[in-house]
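# Coordinates in review
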Amino acid sequence: AVVSTQSGITAGDYTDVTCPLSFPDGVRDFLLPFAEGQLEKSQIISIKRLSAESDLVKSTYEFVIRTTEQYSAGDSFGVLCENNDTEVMEIISHLAEREAANPNLLLNLTPDPAVKPRLLPKHILRKASTFYTLKYLLDIRSLPKKAFLKYLSESCSDPEEGRTLAFLGSALGSEDLNRIIYNQGLSLLEILHIFPSCRPSVVGLSQFLPRLMPRYYSVSRIQDGMISFVFSLVENTRRIRPPLRGVCTSYLVSRSEGDIIYVYRRRNTDFRPVEARCLVMIGAGSGVSPYLGFLDHITANSRECSTVTLVTGNRYKALDSIYREEFHHFVGRGVLTSYFTAQSRDEGSKHRYVQDVIRDYADSFVEKLEEGAVFYVCGDAKGLGVDVYSAFKSIIARKKQLSEEDAEEFMMQKKRQKLYLEDIWS
């Protein structure tokens, strides 16, 4: 039978067969972005919480997983993740009637010729259930584009709701689109709650929603066929509904020791320890974790660096200073020359943010920049990445009496020379 939405969008042909697919069927065949190695089944060996059980700090975890790949310090890898069951079933409850009633039946998907693009994307399986498609293949948290809103408007049985969605998807509705949808971070599920008469089809969603992409994590330590990595549970506070956690971080914390996850080694171009007289490593939160592997590498290879400086940032010294003891251990062994910390929420902390350390020790950092030290920056792109880069521009401009434009060119030159390397994420 052909299933239609209120607007007549074809959903596909159902069979009477329960979908036989199991993760990662089909997913493994897609192009793995930036892949250097093969997709592998990786068993979780251990899970450890690194931060205190407190609402004052992010929940930060260390996972140790098995691998057959050869990793080096500074490498990262992709994790295939899945959408939350509750969110998926909520979306399904808002779909066309037949799809909502049969989420696990095998569906032969065919593109709707009235919807552009007229071809199903390559990442969509032509034979899959509604549930499998939404759980493993589509990014249901993505912000809707105007064409998608126009399609949703045509899927509404309430004319007023349809007109509102059509307006938001029009050129005239751009200001309201930003204010109502984008500034609040609303995705498909929130829109379906606001416009309850909207009953799209899974084929329509497949033609507009982007692929659910792998998430990337930096290796913190490498040992005997195992790697460890660190992440903080992402809390999304921009939704009007109850806060949602990050797609992959919530997936990972729902795993247990002994479970299997699917990972692949990601191509690494520059972010790794190099032969240099002076290294400066800067990170905040979970962004400090790759430097544990850097210091292991320097120790194991008897690297002769005249100075190795580490600057880390977190909220509270007693609650979320991850790997603090390990870093002090490297100080004691003489591997780490200088170790600075910043705590943004501790009263009386000498430095609140890592950029405060940079400004307070401007003479030393400018000297290192001029002498060709290699700088590494790891952490949040919008926060740490921007603030640290701005701090370096500021001290360079002040100490060398440069204009803002010349200071910018100085820092860009460092990037071109691969003396200022970033591993940052948004």
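Residues numbered from 1 in each chain as written. Predicted model: local features only at pLDDT ≥ 70, side-chain atom pairs only at ≥ 80, totals over all residues. Heavy atoms only, no water.

## Considerations on the side chain of Q355
Using the following cut-off: Labels follow the DSSP assignment, with helices taken as runs of H or I lasting at least four residues and strands as runs of E lasting at least two, numbered in each case from the N terminus. Relative accessibility decides the category of a residue: with a 1.4 Å probe and only protein chains considered, values under 20% of the type maximum give buried, values over 50% give exposed, and everything between is partly exposed. The contact criterion used throughout is that any non-hydrogen atoms of two residues lie within 4.5 Å.
In this structure, Q355 sits in helix α13 (residues 354-360). Judged by relative accessible area, Q355 falls into the buried class, the value being 10%. The contact partners of Q355, leaving out residues within four places of it in the chain, are D387 and A391.

## Points about the sheet that holds strand β13 (residues 278-284)
What counts is decided by this rule: Think of it this way: DSSP has to see at least two bridges between two strands before they count as a pair. Helix axes are fitted only over the stretch in contact, all axes being lines through C-alpha atoms; the angle between N-to-C directions runs from 0 to 180 degrees.
Pairing is parallel in the open sheet, where five strands are placed in the order β15-β14-β13-β16-β17. Every other strand in the sheet has two partners, leaving β15 (338-343) and β17 (420-425) as the edge strands with one partner each. With direction set aside, neighbouring strand axes in the sheet form an average angle of 10 degrees. Pairing of β13 with strand β14 (residues 307-314), which is carried by seven bridges, proceeds in the parallel orientation. Considered in β14, the bridge of M281 is made with L310. Contacts between helix α15 (residues 381-400) and the sheet are confined to β13, β16 (374-380) and β17, with β16 contributing the most and set at about 150 degrees to the helix.

## Description of the nonpolar core
Most often, soluble globular proteins have nonpolar side chains that are buried together. Rules: Definition of nonpolar core: a set of buried residues of the types Ala, Val, Leu, Ile, Met, Phe, Trp, Tyr and Cys, connected through side-chain atoms within 4.5 Å.
Ranked by size, the top nonpolar core spans 46 residues in total, and within it I91, L134, L152 and L205 carry the most contacts. Ranked by the residues each element gives to this core, the list is headed by helix α3 (residues 130-137), at five residues. Beyond its immediate chain neighbours, meaning those up to four positions away, L205 contacts I91, L95, L134, L138, F148, Y151, L188 and P200. Formed by 27 residues, the second largest nonpolar core is a distinct cluster that contains L369, I395, M411 and Y420.

## Comments concerning the pattern of salt bridges
Basically, it comes down to this: What makes a salt bridge here is a side-chain nitrogen of Lys or Arg within 4 Å of a carboxyl oxygen of Asp or Glu, nothing more.
Applying the stated criterion across every chain yields a total of 17 salt bridges. Note that R265 is salt-bridged to E69, the shortest N-O span being 3.5 Å. Residue R265 is located in strand β12 (residues 260-266), and its partner E69 is located in the loop between β4 (60-66) and β5 (76-79); the two are separated by 196 residues in the primary sequence. What makes R265 buried here is its relative accessible area of 16%. Between K399 and D363 there is a salt bridge whose closest N-O contact spans 2.8 Å. In this pair, K399 sits in helix α15 while D363 sits in helix α14 (residues 362-370), placing the two residues 36 residues apart along the sequence. Note on K399: relative accessible area 39%, which makes it partly exposed.

## Some words on the sheet that holds β4
Ordered in space as β3-β4-β9-β8-β5-β12, the six strands form a closed barrel in which the pairing is antiparallel. Strand-to-strand, the axes of this sheet are offset by a mean angle of 45 degrees, without reference to chain direction. Pairing of strand β3 (residues 40-49) with β12 involves four bridges; the strand directions are antiparallel. If you follow K41 over to β12, its bridge partner there is Y262.

## Comments concerning the state of the cysteines
Note the cut-off: Counting rule for disulfides: a pair of cysteine sulfur atoms within 2.5 Å.
All chains considered together, the criterion is met by zero disulfides. The cysteine C19 is free of any disulfide, with C81 supplying the nearest cysteine sulfur at 19 Å. Classification of C19 by relative accessible area gives buried; the value is 12%.

## Overview of the packing of α15 against helix α16 (residues 404-416)
The description of two helices packed together rests on the angle between their axes and the distance between the axes. Definition in use: Oblique is the label for any angle not under 35 degrees, not over 145, and not in the 65 to 115 range, which are roughly parallel, roughly antiparallel and roughly perpendicular in turn. Each crossing gets its hand from how the near helix is turned against the far one by less than a right angle, where anticlockwise is left-handed and clockwise is right-handed. Throughout, the ten residues Ala, Val, Leu, Ile, Met, Phe, Trp, Tyr, Cys and Pro are labelled nonpolar, Asp, Glu, Lys and Arg are labelled charged, and all others, Gly among them, are labelled polar.
In the contact formed by α15 and α16, the axes pass within 9 Å of each other and the chain directions differ by 120 degrees. As judged from the angle between their axes, α15 and α16 are oblique. Judged by the twist between their axes, the crossing of α15 over α16 is right-handed. Contact residues: Y389, F392, K393, I396, A397 and K400 in α15; E404, A407, E408, F410, M411, M412 and K415 in α16. In the contact of α15 with α16, the residues fall into eight nonpolar, no polar and five charged.

## Here we look at the pairing of strand β8 (residues 215-223)
Here four bridges tie β5 to β8, and the two strands are oriented antiparallel to one another. Note that in β8 the partner of F77 across the bridge is Y217. The antiparallel pairing of β8 with strand β9 (residues 226-232) creates a hairpin that spans two residues between the two strands, and D224 there sits at a positive phi of about 45 degrees.

## Details of the packing of α14 against α15
Two numbers describe how α14 lies on α15: the axes approach to 10 Å, and their chain directions differ by 90 degrees. When the axes of α14 and α15 are compared, the pair comes out roughly perpendicular. Of the residues in α15, those touching α14 at A362, D363, F365, V366, L369 and E370 are F392, I395, I396, R398, K399 and K400. Taken together, the residues that form the contact of α14 with α15 break down as seven nonpolar, no polar and five charged.

## Section: the packing of aromatic side chains
Heads up, the rule is: Pairing of aromatic rings covers Phe, Tyr and Trp, the last through its six-membered ring, and needs centres within 6.5 Å; plane angles under 30 degrees mean stacked, over 60 mean edge-to-face, and all others mean tilted.
Taken as a whole, this structure holds 28 aromatic pairs when the rule is applied. For the ring pair F23 and Y136, a centre distance of 4.7 Å and an interplane angle of 20 degrees mean the geometry is stacked. Remark: Y136 occurs in helix α3 and F23 occurs in the loop between β2 (10-18) and β3; sequence separation between them is 113 residues. Here F23 and Y136 have matching classes, each one buried. Ring centres of F340 and Y361 lie 4.7 Å apart, and the angle between their planes is 45 degrees; on these two criteria the pair is classed as tilted. Within this pair, whereas F340 is found in strand β15, its partner Y361 is found in the loop between α13 and α14, the two being separated by 21 residues in sequence.

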